[in-house]
Structure formats: structure tokens, C-alpha cells
Amino acid sequence: MKALIPAAGLGTRFLPATKAVPKEMLPVLDKPAIQYVVEEALVAGSDEVLVITNRAKPAIERHFSPDPELVAQLLAAGKHDYAQAVEAVGKMPVGFVYQSAPLGLGHAVLSASGAVLGSPSDPSGSGSPTPEPFYVLLGDALIPDAQLLPRMKAISEAHRQANVIAVVEVPAEEVGRYGIIGGCPLQATEGVWQVEQLVEKPSPEAAPSRLAIFGRYLFSPRIMELLAETKPGAGGEIQLTDAMVALLAEEEMYALVIDAEEGYDVGTVEGWLETNARLAPRRG
Ligand code: G1P
């Protein structure tokens, strides 16, 4: 299964730190945030990881490229652990797709449409003959234990390849930062809801629940066709959630409710700071 990681945003919340360094390259302990997300996709068995970025962010590509000189230098200095870490990240099977203009998250995902639908214009050159479901992982959310995607896949397979998203309960005053679902919990499977409604960044009064989309999606390829038809929405951007609303009218969607402790939000300065503090003891 392919995994798409949108990483083309401007990182406005972290300016001026993100003036010269992409937000995805800000470190969480000793690794850039995006490396955790790539590792999560690989551990979950993704056969192709595609980072969707723009030409103004060469640092991300450089990070995932081999650097034999640096490895040799570290080995010569007896720094074997560092050499191994540099070598490992340079070998990760990561491809890149470019978003032509900053037109929103939905547009970023659509930029990888060729890779998912297998069109002749496939920028990765490896579109599958039969379009398959695929993952989308947003870089603002870290799930270091990497169990989430396999759990989402199992739910999809148990429901005729349905779409599955991860959600987390947030306080009422925070619903306006997220896509919020409405629906009902399944009787047979604890912690899984059937999604009936999706509202992007609602007011607390308009929110159908307090379950917020937490940056992990398993989509049927149909979302790409719907994204291609999606008009600019909130903020003049092509919103992923708008295409998901259209998808919901045609296909089933389930939400896996995760514990707040399972996820780490690095999308704000406060969340990034807290993530570093929570992960530091796990590093040993
Ligand atoms: C995006 C999605 C939103 C989701 C959030 C998770 O919003 O549009 O539905 O809840 O990511 O982090 P953004 O953070 O890009 O504004």
C-alpha cells in the first residue's frame, strides 16, 4: 500500500524558525519530525512512501538522500552509531512529488493522484495498474508506536475496503482546530465509529462531536477523482475534508478512536515542546 505524506505547507505557526528550515525538518529530539512519519509508514508495511513537497524545500530531499562522505567521515572518527543513523535515513525508500502551488491540503494530496491512479503522467513512474487504497499521514501528528495504520487497515478489510480515519477526543474549546466527525459507535467493535458527517473546523456549538481527525487516513482511490472536482473552500484552499464529505455520500467511512496518549501533536509550538518532553524519557 502506498503512503502519502503531505509536506508542502509554509509552516507559518513556526515562523521565523521556518524561514529557512522547513517545518517538517524541525527536530523532535534528534530526528526531524518527518522522519518519524516516514518510519511509521515503513514499519506499517507501506511499499512506497511519497512525500508531497515543493521545490523551495530541498532540505527534506537532502535528508533522505545518501551521504557517503559524511558516513565515511563519521566512521573514520569512530562514531559508528551516528554513521549508522545517517546511513539508515539515506537508504529509506522515499519518493517525492511536487505540489505546483500552495492551494491547500486537498490539492497537495491530489498532486500524487498519478501515483495512486496510475495515470501516464504519474510523477513517480510507478502507478499501479489497478488503483488501490492508500494511506495519508499528516506530519503534524506523530504516532511513534506505529500500530495505528495496521489497526486502520484491519478495520478497512473487515468492512469491504471502507475508508478509515483516526480520531481523538479533544476539549470543546479546541474543536475549531480540526475536522470533526459525526456518526455512531459500532456495537460490535469498541472504539470504532461509523462516520456520517464531517465538519471542518466547526465552532463548539456546530460540532457534531468532540472527535477530531488526527492526521491519519486510509482512503479508497475514489478520493483522488473527487479531489479533482473539489472547488476551493475555506480560506480559498482545496480542502481534503470537502472531498471526504463527497466521498461519504458514495462510500462507507469508519473512524478509529485513539487515546490522546497514543498521539503527539507537533503542529503548534506548544505541542512540539510537549512532544519533545514526553518522548525524551522513551529515548533512554
Ligand atoms: C488538517 C485537516 C483537519 C485535521 C487536521 C489534523 O487541518 O484539514 O481535518 O483535523 O489537519 O491535524 P490543518 O491542521 O491542516 O489546518
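For the structure, check the block above.
Residues numbered from 1 in each chain as written. Predicted model: local features only at pLDDT ≥ 70, side-chain atom pairs only at ≥ 80, totals over all residues. Heavy atoms only, no water.

## Regarding the overall build of the protein
For clarity, the cut-off: Labels follow the DSSP assignment, with helices taken as runs of H or I lasting at least four residues and strands as runs of E lasting at least two, numbered in each case from the N terminus. Each radius of gyration reported is based on C-alpha atoms, and the globular scaling rule is 2.2 Å times the count of residues to the power 0.38. Three labels apply to residues, based on accessible area from a 1.4 Å probe with only protein chains included: buried if under 20% of the type maximum, exposed if over 50%, partly exposed otherwise in between. We treat Lys and Arg as the positive residues and Asp and Glu as the negative residues; His and chain ends play no part in the count. Where a charge lies is defined by one atom per residue type, namely NZ (Lys), CZ (Arg), CG (Asp) and CD (Glu).
When its secondary structure is counted, the protein shows 10 helices and 13 strands. Computed over its C-alpha atoms, the radius of gyration of the protein comes to 19 Å, within 12% of the 19 Å expected for a compact globule of 284 residues. Referenced to the eigenvectors of the C-alpha coordinate spread, the extents of the protein come out at roughly 60 × 45 × 40 Å. In the protein, which comprises 284 residues, the proportion classed as buried is 49%. Positive and negative side-chain charges of the protein, numbering 22 and 36 respectively, have mean locations separated by a distance of 5 Å.

## Brief notes about the nonpolar core
What counts is decided by this rule: What we call a nonpolar core is a set of buried Ala, Val, Leu, Ile, Met, Phe, Trp, Tyr and Cys residues that are connected through their side-chain atoms within 4.5 Å. Between two residues, a contact is recorded if the distance between any of their heavy atoms is within 4.5 Å.
Membership of the largest hydrophobic core comes to 50 residues, with the highest contact counts inside it found for Ile34, Val38, Val51 and Phe64. Among the elements that take part in this core, helix H1 (residues 33-43) stands out by supplying 6 residues, more than any other. Apart from the residues lying within four places of it in its own chain, the contact partners of Phe64 are Ile34, Gln35, Val38, Val89, Gly90, Met92, Val94 and Phe96. With 33 residues, the next largest nonpolar core counts Leu4, Val109, Phe134 and Val195 among its residues.

## What about the pattern of salt bridges?
Our working rule: Salt-bridge detection follows one rule: a side-chain nitrogen of Lys or Arg within 4 Å of a carboxyl oxygen of Asp or Glu.
The full count for this structure, using the stated rule, is 13 salt bridges. Note that Asp140 is salt-bridged to Lys23, the shortest N-O span being 3.0 Å. Of this pair, Asp140 sits in the loop between strand S6 (134-137) and strand S7 (141-142) while Lys23 sits in the loop between strand S1 (2-6) and strand S2 (27-28); the two residues are 117 residues apart in sequence, bridging distant segments of the chain. Under the relative-accessibility criterion, Asp140 is labelled partly exposed at 27%. Of the charged contacts in the structure, one is a salt bridge between Glu169 and Arg210, with a shortest N-O distance of 3.3 Å.

## Remarks on the environment of Ser111
Put simply, the test is: Between N or O atoms, a polar contact is any pair within 3.5 Å; within protein, one atom must be a potential hydrogen donor and the other a potential acceptor, and residues adjacent in sequence are included only when both atoms are from side chains.
Of note, Ser111 is situated in the loop between helix H5 (105-110) and helix H6 (113-117). Considering only alpha carbons, one finds Ser111 and Met224, 113 residues apart in sequence, at a separation of 9.2 Å. Polar contacts involving the side chain of Ser111 include one to the main-chain carbonyl oxygen of His107, which spans 2.9 Å.

## Side note on the packing of helix H8 (residues 222-229) against helix H9 (residues 240-248)
For the record, the criterion: Axis angles are defined between N-to-C directions and span 0 to 180 degrees, where every axis is a line fitted to C-alpha atoms and, for a helix, only to the segment in contact. The hand of a helix crossing depends on one turn: near helix anticlockwise from the far one by less than a right angle means left-handed, and clockwise means right-handed. Residue polarity is assigned by list, with Asp, Glu, Lys and Arg as charged and Ala, Val, Leu, Ile, Met, Phe, Trp, Tyr, Cys and Pro as nonpolar; anything else, Gly included, falls into the polar class.
The geometry of H8 relative to H9 is characterised by a closest axis approach of 9 Å and an angle of 120 degrees between their N-to-C directions. The chirality of how H8 crosses H9 is right-handed. Contacts from Arg222, Ile223, Leu226 and Leu227 in H8 reach Leu240, Ala243, Met244, Ala246 and Leu247 in H9. In terms of residue class, the contact of H8 with H9 is built from 8 nonpolar, no polar and 1 charged.

## Observations regarding unusual backbone geometry
With omega at 5 degrees, the peptide bond leading from Leu15 into Pro16 counts as cis. Tracing the backbone shows Pro16 in the loop between S1 and S2. With a phi angle near 60 degrees, Gln161 is a residue other than glycine that sits in the positive phi range. Phi at Lys201 takes a positive value of approximately 45 degrees, unusual for a residue other than glycine. Considering the arrangement of structural elements, one finds Lys201 in the loop between strand S10 (192-200) and strand S11 (211-219). Owing to a relative accessible area of 46%, Lys201 belongs among the partly exposed residues under this scheme.

## A closer look at helix H10 (residues 269-279)
The test is simple: In this description, the arc belongs to the directions extending from the helix axis to the C-beta atoms.
Among the residues of H10, Gly271, Thr275, Asn276 and Leu279 are the ones counted as buried. Seen along its axis, H10 keeps its buried residues to an arc of 140 degrees; they face one direction. Exposed side of H10, more than 90 degrees from the buried face: Glu270, Leu273 and Ala277 are the residues found there.

## What about the site of the ligand?
What counts, and what does not: Whether a residue is near a molecule or strand depends on its heavy atoms: if one lies within 4 Å, it is near.
The ligand sits among Leu138, Tyr178, Gly179, Glu200, Lys201, Ile213, Tyr217 and Thr241. Between Lys201 and the ligand, the recorded distance is 2.7 Å, taken from a side-chain N or O atom to an oxygen atom. Between an oxygen atom of the ligand and a main-chain N or O atom of Ile213, the distance comes to 2.8 Å. Per-class residue counts for the shell around the ligand are 4 nonpolar, 2 polar and 2 charged.

## Considering helix H7 (residues 148-158)
Of the residues making up H7, those classed as buried are Leu148, Leu149, Met152, Ile155 and Ser156. Viewed end-on, H7 has its buried residues packed into an arc of 120 degrees, placing them on one side of the element. Packed against the buried residues of H7 are H1, S6, strand S8 (163-169), S10, S11 and strand S12 (253-258). Within two residues after H7, Arg160 carries a phi angle of roughly 50 degrees, on the positive side.

## So, the environment of Val192
In this fold, Val192 is placed in strand S10. When the C-alpha positions of Val192 and Ile180 are compared, they lie 15 Å apart, and in sequence the two are 12 residues distant. Look past the residues within four positions of Val192 in its chain and what remains in contact with it is Ile155, Pro185, Leu186, Tyr254, Ala255 and Leu256.

Bear in mind that shape data such as this cannot, by itself, settle questions of function.
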